[in-house]
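# Examination of the molecular architecture
Read off the chains here:
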Amino acid sequence: MTKTKVLFVCLGNICRSPLAEAIFKAKISKRGLSHLVAADSCGTANYHVGDNPDHRTIANARKNGIEIDHVGQQLSLRHVVDYDFILAMDKSNFQNILRLNGTVGYANKISLMRSFDPDRDDDSVPDPYYGTERDFQNVFEILDRSVDLFIRHLEKEHLKV
Ligand code: 4NP
């Protein structure tokens, strides 16, 4: 059986999207769904291709019980074609995905991550790159809530579990 494929996308692929991927994988594993779902993450920019996640993201995730294992990669048309669900961290990422040549026909696969946030006060997961530890913790909490609701949506509407 082919797995449902979920892709998390941000700008640099070193802060928000690798964290979203790691939180998602941990929750999927805890629910015993790893045989049904695969996940990865990408950046719309190429600044951090081949890099490990930001050390502040790794430290904050660890503090919250999540280990991150990812190497930075840039989004390409291949990802957009291959993946079933594409979750953009902010509106600019969302627009940049659609600006890639050939992706317009795949717009219905793409959602804003925070459209799944039950406590949403904004459409975007804020970029913590120039922020403080508090900003990294805020990103963690937003992603933790949003990923929970997204998994519930997947289970109900897609996996039928
Ligand atoms: P991310 O954060 O998109 O959440 O990975 C950023 C990381 C790096 C840069 C910007 C945002 N940068 O400009 O290098």
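Everything that follows concerns the structure shown earlier in this document.
Below or above, wherever it landed, is the structure these notes cover.

### Focus on the site of the ligand
In the vicinity of the ligand, the contacting residues are C10, L11, G12, N13, I14, C15, R16, Y47, H48, D127 and Y129. Measuring from an oxygen atom of the ligand, one finds a side-chain N or O atom of R16 at 2.7 Å. Within the contact set of the ligand, an oxygen atom lies 3.0 Å away from a side-chain nitrogen or oxygen of H48.

### Structural notes on the nonpolar core
Counting 31 residues, the largest nonpolar core has V6, F8, F24, M113, L143 and F150 as its most contacted members. Elements supplying a minimum of two residues to this core: β1 (4-10), α1 (16-30), β2 (37-43), β3 (85-88) and α5 (133-159). Ranked by the residues each element gives to this core, the list is headed by α5, at nine residues. Ignoring any residue separated from it by four or fewer positions in sequence, one finds V6 in contact with F24, V37, A38, A39, D40, Y83, F85, L87, F150 and L154. Formed by ten residues, the second largest nonpolar core is a distinct cluster that contains L7, L75, V80 and I110.

### Brief notes about the sheet that holds β1
The strand order β2-β1-β3-β4 describes an open sheet built from four strands, whose pairing is parallel. A strand with exactly one partner marks an edge of an open sheet, and here the two such strands are β2 and β4 (110-112). Sheet twist, expressed as the average angle between the axes of neighbouring strands with direction ignored, equals 25°. Pairing of β1 with β3 involves four bridges; the strand directions are parallel. Within β3, the position partnered with V9 by the bridge is A88.

The rules behind each value
Residues numbered from 1 in each chain as written. Predicted model: local features only at pLDDT ≥ 70, side-chain atom pairs only at ≥ 80, totals over all residues. Heavy atoms only, no water. Near = heavy atom within 4 Å. Polar contact = N/O pair within 3.5 Å; in protein donor to acceptor, adjacent residues only side chain to side chain. Core = buried A, V, L, I, M, F, W, Y, C linked by side-chain atoms within 4.5 Å. Buried < 20%, exposed > 50% of the residue type's maximum accessible area, 1.4 Å probe, protein only. Helix = DSSP H or I, 4+ residues; strand = E, 2+ residues; numbered from the N terminus. Contact = heavy atoms within 4.5 Å. Pairing = 2+ DSSP bridges. Axes fitted to C-alpha atoms, helices over the stretch in contact; angles between N-to-C directions.

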